[in-house]
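Structure assessment
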Amino acid sequence: MKTWTADPVPTVPTAGRGGPLVVHDTASDGPVTPTPVDGRARMYVCGITPYDATHMGHAATYVTFDLVNRVWRDAGLDVLYVQNVTDVDEPLLERAARDEVHWEDLAAREIDLFRQDMEALRVLPPDHYVGAVEGIPDDVTAVGALLADGVAYCVPVPGGEETVPGAERSDVYLDLSTQPTFGSVSGWTRDQMMEVFADRGGDPDREGKRDPFDPLLWRAGRVGEPHWEGGSLGRGRPGWHIECSTIAQRYLGPGFDVQGGGDDLVFPHHEMSAVEGTALQGGAPFAQAYVHQAMVGLDGEKMSKSKGNLVLVSRLRAQGVDPMALRLVLLDHHYRRAWEWTEDGLRRAQERLVRWRRAAAVDGDGDGGAGRERAQEIGVRVVEEVRRHLADDLDAPAALRAVDRWATSVLEGRAGAGLVPVAVDALLGVALTESAA
Ligand code: 5CA
Ligand code: ZN
């Protein structure tokens, strides 16, 4: 699938480099330092289900993993970044039916808008942007292999549900009792799992399942729903989680460095995609670290397409809000703390952007009595601080405060812009000059 474009990331012209990135891993509930193999870091981030426009919660998730990408690059690593688009799934089909549009047209429209939003926010594009539909042949192979291994089983389609010609009269589920790693991503109890499972696309009450949590792998084609050629599975479509397991496996391979997304995906999605991936890989771990962005809310509730309480990136852009100010709103919150959108937060970010831009426009290294060397020193120290804060579990708010101190030094005549704007561009993804914008 077509991805989006971004300005090239400048190299920060200092002798030093960023240190290794430490992130909080949900699975071990502690800090992890992913150890990329052969200088190449591999990241998979769960993409949108394109039935509505990008809101500030999605933007927070993609900007957080954009920081991971930028910190790794600054540390001298190559980054292989993969993102999916859930371009066929229940919520998309339901919204298309409600709005009386074709689901493919709805998806195409929203994916296009998402690309524009990501470009405006200067989120670096994935190397592979892959639609669930594109991945179906791999899903078919994968589900066939799981059946052959005896870890998946068939459940009859309920009598009242009509299937299309070429479909089997059964759906396919994974048998979790064969998977000892089930539960290791979330670390949740079965009670905790049960609380959210049905709300998050699960079907605990489906008759014929061996365990209420067994995830759907292949759904036999129903009349009125889209369906694809499924070889020995018959016509149908894949379940949600297998899409991410197979895309990650194809483009990244086993044991990739970071699996990312919002923390609403911890269970069931990341639990199930990891367990399905592990099953497909003969027990090899799916990812080294599972990293989650806390939820962004509005008026006390999670911002979500299904609730409709959305602050849309595209709407703010249309109102003339500078996307770099939006990026600064996002970076002003640590990714592991939930937060709420406020107008006040936007105003503060806009003021910060103005100050930083004024400082960036001050020529050279400044000599306001402090001397050129001292001015340069200030710049080098700020860059070191930004690097250190970001490498320490992506502490973007602390990095912003370091840049604030630089701006104050410059605006008080104690330093010139120096190399800080380049570092702000490379590491934080915020453009401070016309040419970088
Ligand atoms: N297509 C699936 C993942 S395979 C999906 O969850 N799509 S989504 O459109 O619902 O969400 C896209 C990404 O934004 C996911 O990583 C999700 O965890 C994240 N996200 C959704 N709502 C919020 C929110 N309010 N705050 C932070 N992140 C969010
Ligand atoms: Zn996913």
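Scroll up for the structure.
Residues numbered from 1 in each chain as written. Chains lettered and ligands numbered in written order. Predicted model: local features only at pLDDT ≥ 70, side-chain atom pairs only at ≥ 80, totals over all residues. Heavy atoms only, no water.

Remarks on the coordination of the zinc ion (ligand 2)
The condition that has to hold: Keep in mind that water is not among the atoms, so a site may look incomplete; donors are the N, O and S atoms within 2.8 Å of the metal, or 3.2 Å for Na, K and Ca. Key to geometry: four donors with every angle between 85 and 135 degrees are tetrahedral; four donors are square planar and six octahedral where opposite donors lie over 155 degrees apart and all remaining angles lie between 65 and 115; all other sites are irregular. In this text, helices come from DSSP runs of H or I with a minimum length of four residues, and strands from runs of E with a minimum of two, each type numbered from the N-terminal end.
The protein atoms donating to the zinc ion (ligand 2) are C46 (SG), C244 (SG) and H269 (NE2), with metal-donor distances spanning 2.0 to 2.3 Å. Around the zinc ion (ligand 2) sit 4 donor atoms, and with donor-metal-donor angles ranging over 101 to 120° the site reads as tetrahedral. Sequence spacing of the donor residues for the zinc ion (ligand 2), all on one chain, is C-x197-C-x24-H. In this pair, C244 is assigned in helix α6 (residues 240-251) and H269 in helix α7 (residues 266-280), connecting sequence segments 25 residues apart.

Points about the pattern of salt bridges
Note the threshold: Just to be clear on terms, a salt bridge is a Lys or Arg side-chain nitrogen sitting within 4 Å of an Asp or Glu carboxyl oxygen. For every residue, the accessible area (1.4 Å probe, protein chains only) is compared with the maximum for its type, and the residue is labelled buried under 20%, exposed over 50%, or partly exposed between those bounds.
Scanning all chains against the criterion turns up 32 salt bridges. Between D138 and R250 there is a salt bridge, and its shortest N-O distance comes to 2.4 Å. Of this pair, D138 sits in helix α4 (residues 136-148) while R250 sits in helix α6, and the two are 112 residues apart along the sequence. Take R250: its relative accessible area is 53%, and that puts it in the exposed class. A salt bridge links R347 to E351; its shortest N-O distance comes to 2.9 Å. With a gap of 4 residues between them, R347 and E351 both fall in helix α10 (residues 343-360), about one helical turn apart.

Side note on the site of ligand 1
So the rule is basically this: Working definition: residue near molecule or strand if any one of its non-hydrogen atoms lies within 4 Å of it. Here a polar contact means two N or O atoms within 3.5 Å. Within protein one must be a hydrogen donor candidate and the other an acceptor candidate, and residues neighboring in sequence count only if both atoms are side-chain atoms. Note on areas: Shrake-Rupley, 1.4 Å probe, and residue coverage restricted to the protein chains presented here. In this classification, the charged set is Asp, Glu, Lys and Arg, the nonpolar set is Ala, Val, Leu, Ile, Met, Phe, Trp, Tyr, Cys and Pro, and all remaining amino acids, among them Gly, are polar.
Not every one of the 24 residues close to ligand 1 is listed here, only the nearest: G47, T49, T86, D264 and K305. In the model, an oxygen atom of ligand 1 is placed 3.4 Å from a nitrogen or oxygen of the C46 main chain. Within the backbone of G57, one N or O atom sits 3.1 Å away from a nitrogen atom of ligand 1. If ligand 1 stood free it would expose 600 Å²; the protein chains cover 95% of that surface. For the shell around ligand 1, the secondary-structure elements that each account for two or more residues are α1 (56-74), α6 and β10 (256-262). Residue composition of the shell around ligand 1, by class: 10 nonpolar, 11 polar and 3 charged.

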